[in-house]
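# An overview of the molecular structure
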Amino acid sequence: MIERYNIVNNRYLLKDLGVLKHHLAKYYSVVQIQKDADGEKLWTEQFGDKIEPLFGHNHLPLTSPKGFLFAEKEVLYKFDGETFKTILPQVQPKVMFGVQACDLSAIAYQDKFFEHDPYYQKRRENILLVGIDCESPCVTGFCVQVDAGPHVKDNTADLVLSRLNVDDANGSSEWLVIAATEKGINSIKGMTLDKADNKHLKLRTKLLEKVRSEFVDYSYISNAIEYLNNNSVPAQLWEELSVRCLGCSGCTNLCPTCSCYTTYDVVEQQPEKPVSISREVKLEVTKSETIRCWDSCLFEGFQKEASGHNPSQKAAQRVERFWFHKFSDEYLPEFQRYGCVGCGRCEQTCPGTIGVHSVMKRIDQQCCS
Ligand code: SF4
Ligand code: SF4
């Protein structure tokens, strides 16, 4: 788990982020947002000496870093015919370089959800989180509305990067580097860094206010959250919205806080020995693997029970349940925040146009009329 640490004496200045990344790359494998061959931006592990420039502070990629902590597919146990063995992931220390505030809030949320999950925790313990303050609102983002950004929130990153100045003439910048945890402090040991002081922290706060003021008015989201929690959304609206859900799982795969999973077994069998001709041939399991993979609460069979009963047989029940999970006050005592961090990815990906903005706007319009 992330330790809380007094940041007052651990803030520095840096001209070139490449220097920090080269330093960290000596101890960690670097994961950051990169462009693929088609120009698509995604979280990727870097190999070799290549140092890509950072652009996360201006652009939120469609994928989040979720898969580096909560693997899309992994083996949990193996059975060799006699005993079961837990298969914990083999992990190398990684630095996630330049994670935006919304995704960091999502990781903090997942840290709680997977608090007792040894597979998640093994990866998490080996990750250094370097957060970066966003410098402008992203296209469908509304982190401000759900208290997840645009600047890195306290206790969500080991190191925090904030660009204080840009010199347009020569393209150079001045960065504030805050080491917010002991892990963060240890990670920059050996670097020669100038100390920052209160005026730099004040400048960061001023820049935060500027970015916050640039967000458009998304008050329909706050209104809709209230209606959801008052149970005043008519059942008919869920029916109408659910007709548009194709059950494709685009939203749940891209959502950085979604954590639904399923498990299944891959089994090898052979006839039991000795085989008696007088009775039916029985098969015995000689090997098996229990695999976990991402699932989606929007799939029809997600909640189906062994008895055959399905509490969310209807698409309307599934869509309502999804949004209830994102915005219900019921989960605040456990997670201290909503299950939505305002990244807007579901809006961008949903082929049925029932992402967060579309749904919350409809709820607001219908409930206030
Ligand atoms: S992305 Fe849209 S259509 Fe696909 S599962 Fe999610 S809500 Fe349904
Ligand atoms: S519900 Fe949508 S906006 Fe909210 S965190 Fe998930 S993908 Fe992002």
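Per chain, residues are indexed from 1 in the order of the written sequence. Starting at A for chains and at 1 for ligands, labels are handed out in the order in which the entities are written. Per-residue local features are limited, in this predicted model, to residues with pLDDT of at least 70; the limit for side-chain atom pairs, both in listing and counting, is 80 or more; totals at the level of whole chains, interfaces and linings are taken over all residues. As a convention, hydrogens and water are excluded, and side-chain values are obtained from all of the structure's heavy atoms.

### Some words on the overall build of the chain
In this text, helices come from DSSP runs of H or I with a minimum length of four residues, and strands from runs of E with a minimum of two, each type numbered from the N-terminal end. Looking only at helices and strands, the chain features twelve helices and twelve strands. In terms of principal-axis extent, the alpha carbons of the chain reach across some 90 × 60 × 40 Å. Partly exposed describes any residue whose relative accessible area lies between the buried limit of under 20% and the exposed limit of over 50%, with all areas from a 1.4 Å probe on protein chains only and scaled to the type maximum. Sorting the 369 residues of the chain into buried and exposed places 47% on the buried side. Per-residue and other accessible areas follow the Shrake-Rupley method at a 1.4 Å probe size, with only the shown protein chains counted as cover for residues. For the chain, the accessible surface area stands at approximately 18900 Å², while carbon and sulfur atoms represent 50% of it.

### Considering the site of ligand 1
The near set for a molecule or strand comprises every residue that places at least one heavy atom within 4 Å of it. Neighbouring ligand 1 are the residues Cys245, Leu246, Gly247, Cys248, Ser249, Cys251, Leu298, Cys350, Pro351 and Ile354. Any residue that is not Ala, Val, Leu, Ile, Met, Phe, Trp, Tyr, Cys, Pro, Asp, Glu, Lys or Arg is counted as polar, Gly included; the first ten are nonpolar and the last four charged. When its residues are assigned to classes, the shell around ligand 1 shows eight nonpolar, two polar and no charged.

### Points about the nonpolar core
Val233, Trp238, Trp323, Phe327, Met360 and Ile363 are the most contacted members of the largest nonpolar core, which has 42 residues in total. Sorting elements by how many residues they give to this core places helix α6 (residues 219–229) first, with six residues. In terms of domain composition, this core takes at least three residues from each of domain 1 (11–69 + 91–213) and domain 2 (219–257 + 311–368). The criterion used for residue contact is that any of the two residues' heavy atoms lie within 4.5 Å. Apart from the residues lying within four places of it in its own chain, the contact partners of Trp323 are Leu228, Trp238, Cys346, Ile354, Gly355, Val356 and Val359. Residues belong to one nonpolar core when they are buried, are Ala, Val, Leu, Ile, Met, Phe, Trp, Tyr or Cys, and are joined through side-chain atoms within 4.5 Å. Here the bounds of each domain stem from an automatic or database domain assignment.

### Section: α6
Of all the positions in α6, only Tyr220, Ile221, Ala224, Ile225, Tyr227 and Leu228 are classed as buried. Down the axis, α6 shows its buried residues gathered within 165° of arc, on one side only. Along its buried surface, α6 packs onto α7 (235–242), α9 (315–327) and α12 (356–368). At the exit of α6 stands Asn231, carrying a positive phi of roughly 55°. It is the directions from the helix axis to the C-beta atoms whose arc is reported.

### A few points about the domain arrangement of the chain
As assigned here, the chain comprises domain 1 (11–69 + 91–213) and domain 2 (219–257 + 311–368). On the side of domain 2, 27 residues touch domain 1, which itself brings 22 residues to the contact. Summed over both partners, the accessible surface that disappears when two parts come together, traced with a 1.4 Å probe, is what is meant by buried area. Where domain 1 abuts domain 2, roughly 2100 Å² becomes buried across the two surfaces, and 60% of that area is made up of carbon and sulfur atoms. Salt bridges, as used here, are contacts in which a Lys or Arg side-chain nitrogen is within 4 Å of a carboxyl oxygen on Asp or Glu. Inspection of the domain 1/domain 2 interface yields one salt bridge. Arg345 is the partner of Asp103 in a salt bridge, and the nearest nitrogen-oxygen pair spans 2.8 Å.

### Digging into unusual backbone geometry
Cis rather than trans, the peptide bond between Gly149 and Pro150 has omega equal to 5°. Tracing the sequence through the fold places Pro150 in the loop between β7 (127–132) and β8 (159–167). Residue Gln336 is not a glycine yet carries a positive backbone phi of 60°. Looking at the secondary structure, you find Gln336 in the loop between α10 (332–335) and α11 (345–349).

### Some details on the packing of aromatic side chains
When two rings of Phe, Tyr or Trp (its six-membered ring) have centres within 6.5 Å they constitute a pair, described as stacked for plane angles under 30 degrees, edge-to-face for angles over 60, and tilted for the intermediate range. Within this structure, the stated rule accounts for 14 aromatic pairs. Measuring from centroid to centroid gives 6.3 Å for Phe324 and Tyr331, while their planes differ by 75°, and the two rings are edge-to-face. Relative to Tyr338, the ring of Phe327 lies with its centre 6.1 Å away and its plane at 70°, an arrangement referred to as edge-to-face. With Phe327 in helix α9 and Tyr338 in the loop between α10 and α11, this pair connects stretches of sequence that are eleven residues apart.

### Describing the environment of Cys245
Of note, Cys245 is situated in the loop between α7 and α8 (250–254). A sequence separation of 102 residues divides Cys245 from Cys143, and the C-alpha atoms of the two residues are 25 Å apart. For Cys245, the residues in contact, after removing those within four places along its chain, are Leu298, Val319 and Ile354.

### Digging into the side chain of Asn310
For Asn310, the location among the structural elements is in the loop between β12 (283–294) and α9. Any pair of nitrogen or oxygen atoms within 3.5 Å is treated as a polar contact; in protein, a donor-acceptor pairing is required on top of that, and neighbouring residues in sequence qualify only through side-chain atoms on both sides. Only 3.0 Å separates the side chain of Asn310 from the backbone nitrogen of Ser312, close enough to count as a polar contact. Apart from residues lying up to four places away in sequence, Asn310 is in contact with Glu300, Gly301, Gln303 and Lys304.

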